[in-house]
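Close look at the chain arrangement
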Amino acid sequence: KAGVTQTPRYLIKTRGQQVTLSCSPISGHRSVSWYQQTPGQGLQFLFEYFSETQRNKGNFPGRFSGRQFSNSRSEMNVSTLELGDSALYLCASRLTETEAFFGQGTRLTVV
Amino acid sequence: DQQVKQNSPSLSVQEGRISILNCDYTNSMFDYFLWYKKYPAEGPTFLISISSIKDKNEDGRFTVFLNKSAKHLSLHIVPSQPGDSAVYFCAASAGAAGNKLTFGGGTRVLVKP
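Read on for a plain summary of the structure. (Residues numbered from 1 in each chain as written. Chains lettered and ligands numbered in written order. Predicted model: local features only at pLDDT ≥ 70, side-chain atom pairs only at ≥ 80, totals over all residues. Heavy atoms only, no water.)

**Digging into the overall build of chain B**
Helices and strands together make up the secondary structure of chain B, namely zero helices and eleven strands. Reading the helices (α) and strands (β) of chain B from amino to carboxyl end gives β-β-β-β-β-β-β-β-β-β-β. Over its C-alpha trace chain B gives a radius of gyration of 13 Å, about what one expects of a compact globule, namely 13 Å for 113 residues. Counting only C-alpha atoms, chain B reaches 45 × 30 × 20 Å along its principal axes. Sorting the 113 residues of chain B into buried and exposed places 46% on the buried side. (Helix = DSSP H or I, 4+ residues; strand = E, 2+ residues; numbered from the N terminus. Rg over C-alpha atoms; globule rule 2.2 N^0.38 Å. Buried < 20%, exposed > 50% of the residue type's maximum accessible area, 1.4 Å probe, protein only.)

Structure (structure tokens):
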């Protein structure tokens, strides 16, 4: 069974640009959530999608958005990138209210 | 406000001995707790979890203990192996909050051969 797949693995963007990251959950998992990991703030919850609906949202500005498609694949978008958005972005999928399985992440560098 | 705290940023242990990692939480709504292992530039790998209705869960070399009254959980790794060297995160969720995991800051474990 394939795990959670995130693309791309690495990305370099310029301040002010926007970026879209993609996540394919484990087959059959309908819940997808996104996290940001930075050295200063640790692992922080961004948002969660379930059956194409945002079910939960963390404390991030509106520049961070996401969506989920009918096949449960999810994308997150960050607009007007800032240097502080440089981070490892992690996607996790979950079957039920139990353990979440993470992808390898997308390393975003904003220059 | 850190709702989940791992007060030891690092831990060094000899191969074959026990590693004990601690985690404290403040939110009494948390009802499910998880431990993850993470290598640099990779996603966390799920290790073991425990529901708030239990006080112990065991899986091979890994055992998690939960003390609800103290709002404290711990992960025991016995015996520790060099491959266990990584950063360990505890995480908690509240059932009504869906899939939101609140993570501790992590504990870096070094297992010396």
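**Topic: the interface of chain A and chain B**
Counting residues at the interface gives 24 residues for chain A and 19 residues for chain B. Together chain A and chain B conceal approximately 1,700 Å² of surface at their shared face, both sides included; 55% is due to carbon and sulfur atoms. On the chain A side of the interface with chain B, the three residues burying the most area are Leu43(A), Arg94(A) and Phe102(A), jointly 29% of the side's total. If you look at where chain A meets chain B, you find four residue pairs in polar contact (both at pLDDT 80 or more). Within the residue set of the side of chain A that touches chain B, elements represented by two or more residues are strand E4 (31-38), strand E5 (42-50), strand E6 (53-57), strand E9 (87-94) and strand E10 (101-102) of chain A. At five residues, E4(A) tops the list of elements feeding residues into the side of chain A that touches chain B. (Contact = heavy atoms within 4.5 Å. Buried area = accessible area lost by both parts, 1.4 Å probe. Polar contact = N/O pair within 3.5 Å; in protein donor to acceptor, adjacent residues only side chain to side chain.)

**Comments concerning unusual backbone geometry**
Among all residues save glycine, negative phi is the norm, and among peptide bonds the norm is trans. With an omega dihedral of -10°, the bond running from Thr7(A) to Pro8(A) counts as a cis peptide bond. The topology assignment puts Pro8(A) in the loop between strand E1 (5-7) and strand E2 (10-13). Each neighbour pair has its own omega, and for Val78(B) with Pro79(B) the value is -10°, a cis peptide bond. Tracing the sequence through the fold places Pro79(B) in the loop between strand E8 (72-77) and strand E9 (86-93). The backbone phi angle of Glu52(A) is positive, close to 70°, even though this residue is not glycine. Residue position: Glu52(A) is located in the loop between E5 and E6. The phi dihedral of Thr80(A) falls on the positive side, at around 45°, and the residue is not glycine.

**Let's talk about the pattern of salt bridges**
With the rule as written, the count across this model stands at seven salt bridges over all chains. Glu75(A) is paired through a salt bridge with Arg73(A); the nearest N and O atoms lie 3.4 Å apart. The partly exposed category is assigned to Arg73(A), whose relative accessible area is 24%. The partner of Glu58(B) in a salt bridge is Lys56(B), with the nearest N and O atoms 4.0 Å apart. What makes Glu58(B) exposed here is its relative accessible area of 52%. What you see here is one network of salt bridges that share partners, running through Arg63(A), Glu82(A) and Asp85(A). (Salt bridge = Lys/Arg side-chain N within 4 Å of Asp/Glu carboxyl O.)

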